[in-house]
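Structural overview
Residues per chain, in single letters:
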Amino acid sequence: MTEQLPHVDGVLTASQVADTAASIAAMQEPSGAVPWTTGEHVDIWNHVEAAMAMLVGGQVEAAERAYAWVPTMQRPDGSWPMKIVAGEVDDERGEVNMSAYFAVGLWHHWLVRRDLAFVRRYWPSVRAGLDWVVGQQLPFGGIRWTPTEEGALLAGSSSIYQSLRAGVALADLLDDPQPEWELAGGRLGHAVREHRDLFLDKATYSMDWYYPVLGGAVRGQAALDLLATRWDDFVVPDLGIRCVDTNPWVTGAETCELVMALDAIGDHRRALRLLADMQHLRADDGRYWTGWVFGDDVNWPHEWTTYTAAAVVLAVDALGEVAGHGTAGSGIMRGTSLAPHFAELALECGCESADELARSAGRPS
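Scope of this entry: the structure provided in the associated data block. Residue indices follow the written sequence of each chain, beginning from 1 at its first position. Only residues with pLDDT of at least 70 are given local features in this predicted model, and only at 80 or more are side-chain atom pairs given and counted; all residues enter the totals for whole chains, interfaces and linings. Side-chain descriptors were evaluated using all non-hydrogen atoms of the structure, hydrogens and water having been removed beforehand.

So, the packing of aromatic side chains
To pair, rings of Phe, Tyr and Trp, with the six-membered ring standing in for Trp, must have centres within 6.5 Å; the planes then decide the type, stacked if under 30 degrees apart, edge-to-face if over 60, and tilted in the middle. Counted by the stated rule, this structure contains 16 aromatic pairs. Ring geometry for F140 against F199: centres 5.0 Å apart, planes inclined by 80 degrees, an arrangement best described as edge-to-face. With F140 in the loop between α6 (116-134) and β4 (144-146) and F199 in the loop between α8 (179-194) and α9 (206-214), the pair connects residues that are 59 residues apart, well separated along the chain. Summarising the burial analysis for this pair, F140 and F199 share the class buried. A centroid spacing of 5.2 Å and a plane angle of 70 degrees characterise the contact between W249 and W300, whose relative ring orientation is edge-to-face. Note that W249 is positioned in strand β8 (residues 249-251) and W300 in the loop between β10 (298-299) and α13 (306-323), a separation of 51 residues in sequence. Put simply, the rings of Y67, W80, F102, F118 and Y122 touch in pairs and so form one group of aromatic residues. Here R270 stacks its cationic end above the ring of W231, 4.0 Å away from the centre of that ring. Cation placement over rings: the criterion is NZ of Lys or CZ of Arg within 6 Å of the ring centroid and within 35° of the ring normal. R287 extends its terminal NZ or CZ atom over the ring of W304, reaching a point 3.7 Å from the ring centre. Labels follow the DSSP assignment, with helices taken as runs of H or I lasting at least four residues and strands as runs of E lasting at least two, numbered in each case from the N terminus. Relative accessibility thresholds used throughout: buried, under 20% of the residue-type maximum; exposed, over 50%; partly exposed, between the two (1.4 Å probe, protein chains only).

Here it is as structure tokens:
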């Protein structure tokens, strides 16, 4: 029933979205795992993103098989390995962003399907994952990206902010309060807003530029100002956005993530333009090339990727609310259904906390 699927008028029809979701399902492994592309590795973050896109794109059974696979790879400490190839661990490091994102996928499934039994089934896995993640928080508020490497990544920590808000929303739904996540979320949001210089320097990547907005920690005029700082460095008119500021290479996933960041702050004009611009990466059957090297005018690498297709579907769903049709999950990146933004309490970075400010003003904290 493609009329129930998301679409954006003049950009992608519901039938085209269905084809793209089907292209993701076609690369799904028998176990339920969704690799980057056929024969490539799986990571939990991109796997969950693919499940979200399949769900709103009409591939419900494939999406739920994808979710059923996730706990099978979780370790006793709550983390997931960084890379899995054909069901075997290829990189055993636990990565915080990947280990947090199941919360977003499960909340998204709830928004779309309203299946409380499904939420209850996977809640223990989400809870264990987020418990492990908040245990990696550094004093300034960022989340150490693996237990064995120093420092926190800005893009990953920004995504974790969204995951914590989804986790708290799930906790509220199930009446299983998680105050330590709220405390960690307040410290994390503060770090993303006020201490971006303390994260590892990955400024050459566009993800570090827009993810504080996409993850929800930066909103309003601050978000518009942040995106203005490097717009001309990354956005290539009529093609999309660069993955890396030094390379003449635009990528579809990053472009669609920026689309969703723009949608989240109400900049629909530029979001719609970018979504239309990146459609040169679309194949006739609904698959998407990873990127395009301009100047050489070639698709590179020579592969269609599930994470690119997933980003397209979710961007269409987001913009469908204002320019076509969106599902009940279309606001997942806007954060309108997530738990409220966290108070900045008990900061350890040297800044005054909200509780300290309240006490100094003679108000109860």
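Remarks on the pattern of salt bridges
Throughout this description, the term salt bridge denotes a Lys or Arg side-chain nitrogen within 4 Å of a carboxyl oxygen of Asp or Glu. The final tally for this structure, using the stated rule, is 14 salt bridges. Salt-bridge contacts for R127 lead to D176; the nearest nitrogen and oxygen are separated by 2.7 Å. Residue R127 is found in helix α6, and its partner D176 is found in the loop between α7 (154-173) and α8; the two are separated by 49 residues along the sequence. Among the ionic pairs, E344 bridges to R193, the shortest N-O distance being 2.7 Å.

A word on the environment of T72
Following the sequence through the fold, T72 ends up in the loop between α3 (60-69) and β2 (81-85). A distance of 2.5 Å separates a polar side-chain atom of T72 from the backbone oxygen of W69. We define a polar contact as two N or O atoms separated by no more than 3.5 Å, with the added condition that, inside protein, one atom must be a possible hydrogen donor and the other a possible acceptor, whereas residues neighbouring each other in sequence contribute only through side-chain atom pairs.

Observations concerning empty space enclosed by the protein
Definitions used throughout: a 1 Å grid over protein atoms alone; a cavity as a set of points that fits a 1.4 Å probe which cannot get out; a pocket as an open set with protein on both sides within 12 Å along at least five of seven lines; a lining residue as one with an atom within 4 Å of a point. Grid points are joined across faces, edges and corners, and a volume is the space filled by probe spheres set on the points. This model, assessed by the stated rule, comprises one cavity of 30 Å³ or more. Its volume calculated, the largest cavity comes out at about 50 Å³. In this structure, the largest cavity is lined by W45, E49, Y101, S159, Q162, Y211, L214, G215, E257 and M333. Counting only elements with at least two residues in the lining of the largest cavity, the list comes to α2 (44-56), α7 and α9. All residues other than Ala, Val, Leu, Ile, Met, Phe, Trp, Tyr, Cys, Pro, Asp, Glu, Lys and Arg, Gly among them, are scored as polar; the first ten of these are nonpolar and the last four charged. For the lining of the largest cavity, the per-class residue count stands at five nonpolar, three polar and two charged.

Notes on the layout of surface pockets
Empty space within the largest pocket amounts to approximately 1100 Å³. Looking at side-chain class alone, the lining of the largest pocket contains 17 nonpolar, eight polar and nine charged residues. What the second largest pocket holds in volume is close to 220 Å³. Lining the second largest pocket we find 15 residues, and of these L154, K202, A203, D208 and W209 sit closest to its centre. Those elements that place two or more of their residues in the lining of the second largest pocket are α9 and α10 (220-234). A total of four residues in the lining of the second largest pocket trace back to one element, the largest contributor, which is α10.

Function cannot be inferred from these measures alone, as they are strictly geometric.
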